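Coordinate inspection notes
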Amino acid sequence: MARALIIGCGAVATVAIKKCCTCSEVFSEICIASRHRENCEKLAQELRPNTKTVITTAAVDADKAENVVKLIKEYKPDLVMNIALPYQDLAIMDACLECGVNYMDTANYEPENIDDPEWRKVYDKRCKEQGFSAYFDYSWQWAYKEKFEKAGLTALLGSGFDPGVSQAYCAYALKHQFDTIEEIDILDCNGGDHGYKFATNFNPEINLREVSAPGSYWDTDENGKGHWVEIPAMSIKRVYNFDQVGQKDMYLLHHEEIESLAQNIPGVKRIRFFMTFGQSYLDHMRCLEDVGMLSTQPIKFQGQDIVPIQFLKALLPDPASLGPRTVGKTNIGCIFKGKKDGKDKTYYLYNVCDHQECYKELGSQAIAYTTGVPAMCGAMMVLTGKWNKPGVHTVEEFDPDPFMEALTKYGLPWQENFNPVLVD
Ligand code: NDP
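Once a new chain begins, its residue numbering starts again from 1 and follows that chain's sequence as written. Per-residue local features are limited, in this predicted model, to residues with pLDDT of at least 70; the limit for side-chain atom pairs, both in listing and counting, is 80 or more; totals at the level of whole chains, interfaces and linings are taken over all residues. Side-chain calculation: all heavy atoms of the structure are included, whereas hydrogens and water are not.

Regarding the sheet that holds strand E1 (residues 2-7)
Note the threshold: Two strands qualify as a pair provided DSSP detects at least 2 bridges between them. A helix here means a DSSP run of H or I that spans at least four residues, while a strand means a run of E at least two residues long, and both kinds are numbered starting from the N terminus. Angles here are taken between N-to-C directions and fall from 0 to 180 degrees, while the axes themselves are lines fitted to C-alpha atoms, restricted in helices to the stretch in contact.
As summarised here, the arrangement of the seven strands in space is E3-E2-E1-E4-E5-E6-E17, forming an open sheet in which the pairing is parallel. Each end of this open sheet is capped by a strand with a single partner; those strands are strand E3 (54-59) and strand E17 (391-394). Ignoring strand direction, the axes of neighbouring strands in this sheet form an average angle of 20°. Where strand E2 (residues 27-34) and E3 come together, six bridges link them in parallel fashion. Bridge assignment links Glu 29 to a residue of E3, and that residue is Val 54.

Observations concerning helix H14 (residues 366-383)
Applied cut-off: The span expected for a helix works out to 1.5 Å for each residue beyond the first. Whether a residue is buried, partly exposed or exposed follows from its accessible area with a 1.4 Å probe, protein chains only, as a fraction of its type maximum: under 20%, in between, or over 50%, in that order. Any pair of N or O atoms that falls within 3.5 Å is considered a polar contact. Within protein, one atom must be able to donate a hydrogen and the other to accept it, and sequence-neighbouring residues count only if both atoms are side-chain atoms.
Compared with an ideal rise of 1.5 Å per residue, which puts 18 residues at 26 Å, H14 spans 25 Å between its outermost C-alpha atoms and is within 8% of the ideal. For H14, the tally of buried residues reaches 18 of 18 residues, placing the bulk of the element in the interior. The opening residue of H14, the one whose side-chain oxygen lies 2.8 Å from the backbone nitrogen of Ile 367, is Gln 365. In the stretch just after H14, Gly 385 is the one whose phi turns positive, near 80°.

What to know about the pattern of salt bridges
Applied cut-off: Only one rule defines a salt bridge in this text: a Lys or Arg side-chain nitrogen within 4 Å of an Asp or Glu carboxyl oxygen.
For the coordinates displayed, the defined rule picks out 22 salt bridges. Of the charged contacts, one joins Arg 126 and Asp 137 as a salt bridge, the two residues approaching to 3.4 Å between their closest N and O atoms. Taken as a pair, Arg 126 in helix H5 (residues 117-130) and Asp 137 in the loop between H5 and helix H6 (139-142) lie far apart in primary sequence, 11 residues in all. Judged by relative accessible area, which is 3%, Asp 137 ranks as buried. Via salt bridges that share partners, Lys 175, Asp 399 and Asp 401 belong to a single interconnected network.

A short note on the side chain of Thr 200
What counts is decided by this rule: Note on contacts: a residue pair qualifies if any of its non-hydrogen atoms lie within 4.5 Å across the two residues.
Looking at the element boundaries, Thr 200 is found in the loop between strand E7 (180-190) and helix H9 (204-212). A relative accessible area of 1% means that Thr 200 is categorised as buried. With residues near it in sequence (within four places) discarded, Thr 200 still touches Asn 207, Leu 208, Tyr 281, Pro 319 and Leu 322.

As for the environment of Lys 225
Within the fold, Lys 225 resides in the loop between strand E8 (215-220) and strand E9 (226-231). On the basis of relative accessible area, Lys 225 is assigned to the exposed category, the value being 57%. On a C-alpha basis, the gap between Lys 225 and Lys 269 in space is 8.7 Å, while along the polypeptide they are 44 residues apart. If we skip the residues at most four places from it in the chain, Lys 225 touches Asp 219 and Thr 220.

Let's talk about the packing of aromatic side chains
So the rule is basically this: Ring pairs are drawn from Phe, Tyr and Trp, using the six-membered ring of Trp, whenever the two centres fall within 6.5 Å, and their geometry is named by plane angle: stacked under 30 degrees, edge-to-face over 60, tilted for the rest.
Counted according to the given criterion, the structure contains 22 aromatic pairs. On the basis of an interplanar angle of 20° and a centroid distance of 4.9 Å, the ring pair of Tyr 138 and Trp 142 is categorised as stacked. Classification of Trp 142 by relative accessible area gives buried; the value is 16%. With a centroid separation of 4.7 Å and 15° between ring planes, the pair formed by Trp 387 and Phe 398 is classed as stacked. Of this pair, Trp 387 sits in the loop between H14 and E17 while Phe 398 sits in the loop between E17 and helix H15 (400-409), placing them 11 residues apart in sequence. Pair check on accessibility: Trp 387 and Phe 398 agree, each one buried. Taken together, Phe 178, Phe 336, Tyr 347 and Phe 418 form an aromatic cluster joined through their ring pairs.

So this is what it looks like as structure tokens:
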């Protein structure tokens, strides 16, 4: 019996909220809040007749901690589930600390305005010291570790699929399959087709920023020292034959969980992340980038300030509307190379999810589903005390077993292959 404040009511949050309502014994009360309360209320009205979970709604602009503090003080939740955008992470963490409430999210912090000089100074230093230039990294949220520890509060970062389940798979492989893991390849394949020439499967601004950034991976030199290797965006391509999806082109991207896994998987030498893209997506993205449409810098247009990427977002299909038209499957998982009982071993742990099955069950496509279900399961781990560890933690730092059990129960069972084709 617990009370969760859920900030965000978009594609991912909708799935998480619907799943919370199927588990009223844990989520006995939820409050759905975002800037546009009417969206939260519409969802609440749809769900109320069929759930025991008591649902209330609120308007909140979570860009400012004081707004979140006010709402937390009124609602008194046991956990704040941040399923808004990564821009709000720090404000919501500040509010949780001030009010003494546990925190979770699905994506690590990045600033909305990457031209902010204060942020830029820290970013430039990090690029030089760490060697990767993606706009997102864990340093901002890891800086809260001590404060959360001292307050006796748990902050769970990145409880989606990747980040999230990908790290639980790593913890599971280390616990049950390996003595040491040397190499990890995280493969994210979306074999879905929505019929549009160009659309993004989750928030376009966040998605396009991630994909247009230089790629990078973790590697280890001959002296055993780990370091980042950065490459131009989309410059490493591989072709892989995915179970139940087929052959797809995939590209090496920077991804946030590489950063935490490099710290938390002892002895790991190389970690890479690949995501599949069709040619049409890449052609459109390159063209939009070339003409400046991915820029976050406001421009004056007919007397008004317009942020090009936000204008583009308004033109693109709403990711939440892709559900009815998306067919095909996702296949997301990790291939491991390492040692067990002194012998070399390879192992592939993955989930296959069908877009139309997700739509039939919850009215969402599989990208929102595969993120929203782990968000709900992560929240459940914190609320039931299974993942209760004061501080700021990523998913691989917790026992994967109860989380993986919950994933299976709520729609994301895993599959394993003991002789996978490796990525060269
Ligand atoms: P959407 O754009 O569909 O939804 C975002 C939601 O956040 C909206 O309901 C919006 O409502 C709310 N919001 C935005 N700004 C504010 C604010 N200032 N205050 C309060 N609420 C706000 O995004 P998605 O559902 O696609 O993505 C949600 C999160 O999931 C993102 O952080 C994304 O990066 C992450 N994600 C993680 C994945 C993973 O595997 N780990 C995969 C995919 C996504 P309103 O406008 O009413 O405020």
